[in-house]
Amino acid sequence: MKRMKLSKVDLLANINDIETCGDVTKKRTVSFYTLGCRLNKAETGTFTKQFIDNGFSVVDFEESADVVLINTCVVTDKAESVCRNVIRRARKISPDGYIVVVGCYAEIEGQNISKDVDLIIKASEKHKIFYYLDKCEEKHSLLQVFGPIKEKVATVSENALNTTFFHAASSIENGNTRAFLKIQDGCNFFCSYCIIPYARGRSRGADIETVCTQARELISSGFKEIVLTGINIGDYRSVDGDKISRLPHLLRAVLSLNGLERLRLSSIEPNTITDELLDVVCDAPNFMNHFHIPLQSGDDEILRLMGRKYTLVDYTNVIKKIIDRIPNVTIGTDVIVGHPGETEEHFVQTKNFLQDIAVSHFHIFPYSLRKGTKSAQMPNQIEKRIKKMRARELIELGHLKLKARLIEEVSAQRIFQVLFEQQVSSGVWEGYTSNYLRVRVRPKQASISLKNEIRDVVIISVGEDLYLEGEIIADK
Ligand code: SF4
């Protein structure tokens, strides 16, 4: 296959070098495709910045590029098959480009995709992407360094996977309104069904100083909302000599940064939400009153099989505490249906639990067998058809509960500060309230852009597709 030669000089050149280099008339191009969680989005943000700083211009994934970086996910078999499709599409769109794969799928299934891509960067090596891209040009030395099987796989010891921290944050170039800022990576919980600890290594946190520096950069580049993200953020800890800092310390530091208008947490495990954490956030005006707290099952026996570290009583107590302390908070959750051993009775118990608990945003996942996990070895695996049926039932329940919550907001004629993200149709803008409800408005001045603007909005009705309709107060 004919490849455009990217020499070390080209890859590492900064913009000035490229502009002054006589035979280079156009910048190298890079495109990105991100699958999976917010952590991947944050990491793609950092890759984007690094490529721009190294003289690349970013093009759309659908355009041919010199380098295509695909950030992958392995959380379900569906995610895996999407990864494989995206890799095939990338090769078609950019036949002469370097196809580079990072992320959890690359970590777990790297050997199986190595023939389809040019470079696989393992988690511990993400910070050296330009070094490895350069190695791509020297296949012989790559063979020597990594051995024949790992020809295209940039990896080092397992210890490095468990200790290396790749700092990451959204980039304004990725077009997001909310910035994802990575504070933590990996997980020590080893839930029976989950492959993530094998892909991301043990739990580790970014130091508070670096997080604050990154947050300041995000604020000064125009972001109004930052979402702190990680694999298991409630387990955040950073160590400085004898001093161990946990999530409440980090939150206190970030919430007090000048100019930070909105701070949100991504998904947080119920057993990591402490009174100290609630003390820090409940009085902070820039902390958004919304939590996403995975439940996974509404049955204690299944929770135990899943290796989750709480009971339903613990979960209920956490939710009650949050509701007592944080006004008009909303809570979302993840639920897995059809885990091995989940009988009809267990499922009904889950449905009843979800019906009664004050949680309004549901993310429902049919259990997906991940090779190498404890759950994959368990007896009583559930038929696909049943998993689908159960998922459908809970999705419907979720819609009803969210609708009920939206109706409550209309009855209360609540006024929200909405951060607008995008124009969804001619003259109609969509954004999110502090408590993560989707709102649409039609500003009086039709040509106005509300992107990344915060406006006071009074809620007037519920739209058909589970959003709120409102009016900007200044327009009234
Ligand atoms: S807490 Fe459990 S589900 Fe979440 S990443 Fe860790 S092992 Fe996976």
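Above this note sits the structure.
Residues numbered from 1 in each chain as written. Predicted model: local features only at pLDDT ≥ 70, side-chain atom pairs only at ≥ 80, totals over all residues.

## Structural notes on the nonpolar core
Turning to step 1, where the next piece is worked out: Counting residues in hydrophobic clusters, the biggest one holds 94 residues, and the most contacted among them are L69, I87, V100, V101, L181 and I226.
Turning to step 2, where the next piece is worked out: When residues no more than four places from it in sequence are discounted, the contact partners of L69 are V30, F32, F47, V100 and V102.
Turning to step 3, where the next piece is worked out: Grouped together as the second largest cluster of nonpolar side chains are 15 residues, L419, W429, Y432 and L437 included. (Core = buried A, V, L, I, M, F, W, Y, C linked by C-beta atoms within 7 Å. Buried ≥ 20, exposed ≤ 12 C-beta atoms within 10 Å, placed from the backbone. Contact = placed C-beta atoms within 7 Å.)

## Details of the site of the ligand
Turning to step 1, where the next piece is worked out: If you check the shell around the ligand, you find C187, F189, F190, C191, C194, I196, P197, I231, N232 and E269 and nothing else.
Turning to step 2, where the next piece is worked out: Split into classes, the residues belonging to the shell around the ligand amount to eight nonpolar, one polar and one charged. (Near = placed C-beta within 6 Å. Nonpolar A, V, L, I, M, F, W, Y, C, P; charged D, E, K, R; others polar.)

## A word on helix α11 (residues 247–255)
For an α-helix, 3.6 residues make a turn, and residues three or four places apart therefore share a direction.
Turning to step 1, where the next piece is worked out: The set of residues buried in α11 consists of L247, L250, L251 and V254. Around the axis of α11, the buried residues are gathered within 100° of arc, so they sit on the same side.
Turning to step 2, where the next piece is worked out: Summarising the contacts, the buried residues of α11 are in contact with α10 (208–220), β12 (243–246), β13 (262–265) and α12 (275–282). (Helix = DSSP H or I, 4+ residues; strand = E, 2+ residues; numbered from the N terminus. Arc of directions from axis to C-beta.)

## A closer look at the sheet that holds strand β14 (residues 290–292)
Turning to step 1, where the next piece is worked out: Here we have three strands laid out as an open sheet, ordered β14-β15-β16, and parallel in their pairing. The sheet is open, and its two edges are formed by β14 and β16 (361–366), each paired on a single side. Put simply, the sheet's adjacent strands are angled 10° from each other on average, direction ignored. (Pairing = 2+ DSSP bridges. Axes fitted to C-alpha atoms, helices over the stretch in contact; angles between N-to-C directions.)

## A few points about the environment of I196
Turning to step 1, where the next piece is worked out: Within the secondary structure, I196 sits in helix α9 (residues 196–200).
Turning to step 2, where the next piece is worked out: Taking C-alpha positions, I196 is 9.9 Å from Y105, a pair spaced 91 residues apart along the chain.
Turning to step 3, where the next piece is worked out: The residues contacting I196, other than those within four sequence positions of it, are C104, C187 and I231.

## Notes on the sheet that holds strand β10 (residues 225–229)
Turning to step 1, where the next piece is worked out: One open sheet accounts for three strands, arranged β7-β10-β13; its pairing is parallel. Of all strands in the sheet, those bounded by a partner on one side alone are β7 (178–182) and β13. Sheet twist, expressed as the average angle between the axes of neighbouring strands with direction ignored, equals 25°.
Turning to step 2, where the next piece is worked out: Docked against the sheet, helix α3 (residues 38–53) engages β7 and β10, running at close to 95° with respect to β7.

## Looking at the packing of helix α15 (residues 344–356) against helix α16 (residues 384–411)
Turning to step 1, where the next piece is worked out: Two elements in contact, α15 and α16, have axes separated by 11 Å at closest approach and are oriented at 10°. Between α15 and α16, the angle is such that the two are roughly parallel. Contact residues: F347, K351, L354 and Q355 in α15; R390, E393, L394 and L397 in α16.
Turning to step 2, where the next piece is worked out: Tallied by class, the residues present in the contact of α15 with α16 amount to four nonpolar, one polar and three charged. (Parallel < 35°, antiparallel > 145°, perpendicular 65-115°, else oblique.)

## A short note on the pairing of strand β18 (residues 428–432)
Turning to step 1, where the next piece is worked out: Alignment of strand β17 (residues 415–425) against β18, held across five bridges, turns out to be antiparallel. When the bridges of β18 are listed, Q423 appears paired with W429.
Turning to step 2, where the next piece is worked out: Counting the residues that bridge the hairpin from β17 to β18 gives two residues, and of these G427 lies at a positive phi of roughly 75°.
Turning to step 3, where the next piece is worked out: As judged from the four bridges shared by β18 and strand β19 (residues 438–441), these two strands associate in the antiparallel manner. What sits directly across from G431, in β19, is V439.
Turning to step 4, where the next piece is worked out: In sequence, β18 turns back onto β19 through a hairpin of five residues, with Y436 there showing a positive phi of about 65°.

Read these as layout, nothing more, since geometry by itself doesn't imply function.
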